[in-house]
Amino acid sequence: MTTDTDPTPPVTSGADAATASSADSTATAPASQATRVAAVVYNPIKIDLDAVKAAVARAEGAAGWGTTLWFETSEDDAGQGPAREALEAGATMVIAAGGDGTVRAVAETVHASDASLALLPSGTGNLLARNLKLTLEDLDNSLETAFSGEDRDIDLGMLEIRREDGSSSEHVYVVMTGLGIDAKMLANTDDDLKAKVGWLAYVKALVATLRDENQLVFRYRIDGGKQRDMHAHTIIVGNCGALPANIVLLPDAAIDDGLFDILLLRPKGVRGWAHILFKVFWENGVVRRLPFADKLPGTENEALRYVKAKQIEVELKSPEDIEVDGDGFGVATGFRTWIEPGGLTVRVPRS
């Protein structure tokens, strides 16, 4: 079964083939015949391939692009290898057609190239597309943005995860990474239920997670400053802050400001959680969207703290689950994350 989860980036490619969108074309021919060539890296269980191919053919023709290349992800390769093959075949734009894991995996390869990343939202969260305010359920509109839109440079999160055996691995992320409630919720989520009801499956997992009274005990250092000790329930480092279901976790986060927004949750009992829920769902999700919201004072909340930074290092007292862009990435003993300003070029609607 193909999944978007990608705990360790594969070294070898898992693409089965590069198939042209027209039956009588080869995968590599367009690269030498057209100035601009796109490639679609797709998760086959997330999309209707025939419908997407037909829509891509319409969009590429209308915009004057060459014949699009096609690369399939696999259980062993969530997108890095297929994206690499797409670039080697001459693609100047790579369209990620899948969930958040596919987007993150493709971004991991594309960000080091001159190519741009386009999004064909096809999963449960579609976190980057939400934060870029892109259309989520309109195939033709998404492809019009890809082929006829414009480039926009956004920040990229760089992450080094340290493991119990002393090893480490490096990754990128486009939305957020964290320890605590979000990582434990993902670990508690039933994949079969998620496939049936989407993001609502997280509600059941969230209830189980909130019963967990364990706290994170860690040392942290922000922007090379003094190392400090802290107890917290959750730490989230975000490049942008909107989640499904109108949840705005990081209300001041901007995807191109060269800074992370770091959230620390430190609730004390039921009252502390009530304060957090009020802040996130009501103040961030409703009040902050009002036209005159910038004139309203925000509420102070000891259970919830925001910090802006370019880099943070965390050393945990005991191993904890870690998540990256909505996928569980195993157990970590610590991590270091830093921002790469303007590190990823994405396609957005023409202004």
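What counts, and at which threshold
Residues numbered from 1 in each chain as written. Predicted model: local features only at pLDDT ≥ 70, side-chain atom pairs only at ≥ 80, totals over all residues. Heavy atoms only, no water. Helix = DSSP H or I, 4+ residues; strand = E, 2+ residues; numbered from the N terminus. Buried < 20%, exposed > 50% of the residue type's maximum accessible area, 1.4 Å probe, protein only. Contact = heavy atoms within 4.5 Å. Core = buried A, V, L, I, M, F, W, Y, C linked by side-chain atoms within 4.5 Å. Pairing = 2+ DSSP bridges. Right-handed = clockwise from strand over helix to strand, strands pointing away. Axes fitted to C-alpha atoms, helices over the stretch in contact; angles between N-to-C directions. Parallel < 35°, antiparallel > 145°, perpendicular 65-115°, else oblique. Left-handed = near helix turned anticlockwise from the far one by under 90°. Nonpolar A, V, L, I, M, F, W, Y, C, P; charged D, E, K, R; others polar. Patch = residues over 30% accessible without salt bridge, like charges linked within 9 Å, V, L, I, M, F, W, Y side chains within 5 Å. Areas by Shrake-Rupley, 256 points an atom, 1.4 Å probe, with all protein chains shown as cover. Salt bridge = Lys/Arg side-chain N within 4 Å of Asp/Glu carboxyl O. Lys, Arg positive; Asp, Glu negative; His and termini not counted. Charge placed at Lys NZ, Arg CZ, Asp CG, Glu CD. Phe/Tyr/Trp six-rings, centres within 6.5 Å; stacked < 30°, edge-to-face > 60°.

**Structural notes on the environment of Arg36**
(1) Moving on: Here Arg36 shows up in the loop between helix 1 (29-33) and strand 1 (38-42).
(2) Moving on: For Arg36, a relative accessible area of 35% puts it in the partly exposed group.
(3) Moving on: Put simply, Arg36 and Thr92 are 56 residues apart on the chain and 6.2 Å apart in space, counted from C-alpha to C-alpha.
(4) Moving on: When neighbours within four sequence positions are excluded, Arg36 is seen to be in contact with Ala63, Gly64, Trp65, Gly66 and Thr92.

**Some points on the nonpolar core**
(1) Moving on: By size, the foremost hydrophobic cluster in this structure holds 47 residues, and its most contacted members are Val106, Leu117, Leu119, Leu128, Leu132 and Leu344.
(2) Moving on: Among the nonpolar cores identified, the runner-up in size contains 25 residues, and Ile161, Val237, Ile322 and Ala332 belong to it.

**Section: the pairing of strand 1**
(1) Moving on: The buried fraction of strand 1 is high, at five of five residues.
(2) Moving on: The side-chain alternation of strand 1 yields two buried faces, one formed by Ala38, Val40 and Tyr42 and the other by Ala39 and Val41.
(3) Moving on: As judged from the five bridges shared by strand 1 and strand 3 (residues 93-98), these two strands associate in the parallel manner. Pairing of Ala38 across the sheet is with Met93, part of strand 3.
(4) Moving on: In this structure, strand 1 lies alongside strand 2 (residues 69-72), joined through four bridges in parallel fashion. Looking at the pairing, Ala39 lines up with Leu69 of strand 2.
(5) Moving on: Traced from strand 1 through helix 2 (residues 49-63) to strand 2, the parallel crossover comes out right-handed.

**Let's talk about the packing of helix 3 (residues 80-88) against helix 4 (residues 100-110)**
(1) Moving on: At a minimum axis separation of 8 Å, helix 3 and helix 4 run at an interaxial angle of 45°. Taken as axis vectors, helix 3 and helix 4 run oblique relative to one another. When you trace helix 3 past helix 4, the crossing you get is right-handed. Here Gln80, Ala83, Arg84 and Leu87 of helix 3 come into contact with helix 4, specifically with Arg104, Ala105, Val106, Glu108, Thr109 and Val110.
(2) Moving on: Each residue belonging to the contact of helix 3 with helix 4 can be placed in one class, and the counts come to five nonpolar, two polar and three charged.

**Section: a positive patch on the surface**
(1) Moving on: Together, Lys226, Arg228, Arg266, Lys268 and Arg305 make up a positively charged patch on the protein surface.
(2) Moving on: Here Lys226 shows up in the loop between strand 8 (216-222) and strand 9 (228-232).

**Description of unusual backbone geometry**
(1) Moving on: Residues other than glycine seldom take positive phi values, yet Lys133 does so here, at roughly 60°.
(2) Moving on: Examined against the element boundaries, Lys133 turns out to sit in the loop between helix 5 (127-131) and helix 6 (139-148).
(3) Moving on: For Lys133, a relative accessible area of 73% gives the class exposed.
(4) Moving on: The phi torsion at Asp325 lies on the positive side, around 50°, for a residue other than glycine.
(5) Moving on: Looking at where Asp325 falls in the secondary structure, it is placed in the loop between strand 15 (311-324) and strand 16 (327-348).

**Observations concerning the packing of aromatic side chains**
(1) Moving on: Tallied over the full model, the rule gives four aromatic pairs.
(2) Moving on: On the basis of an interplanar angle of 85° and a centroid distance of 5.4 Å, the ring pair of Trp65 and Phe147 is categorised as edge-to-face. Placement of Trp65 in the loop between helix 2 and strand 2 and of Phe147 in helix 6 is noted, with a sequence separation of 82 residues between them. For the pair formed by Trp65 and Phe147, the shared burial category is buried.
(3) Moving on: Relative to Phe260, the ring of Tyr173 has its centre 6.0 Å away and its plane inclined at 10°; by these criteria the two rings are stacked. Pair noted here: Tyr173 is in strand 6 (residues 168-173) and Phe260 is in strand 13 (residues 260-265), with a separation of 87 residues, a long-range link.

**So, the pattern of salt bridges**
(1) Moving on: Counting across every chain of the model gives eight salt bridges.
(2) Moving on: Residue Glu160 pairs with Arg336 through a salt bridge whose shortest N-O separation is 3.4 Å. Here Glu160, found in strand 5 (residues 150-162), pairs with Arg336, found in strand 16; they are 176 residues apart in sequence, far enough to count as distant.
(3) Moving on: Residue Glu160 is classed as buried on the basis of its relative accessible area, which comes to 17%.
(4) Moving on: By relative accessible area, which is 24% here, Arg336 ends up partly exposed.

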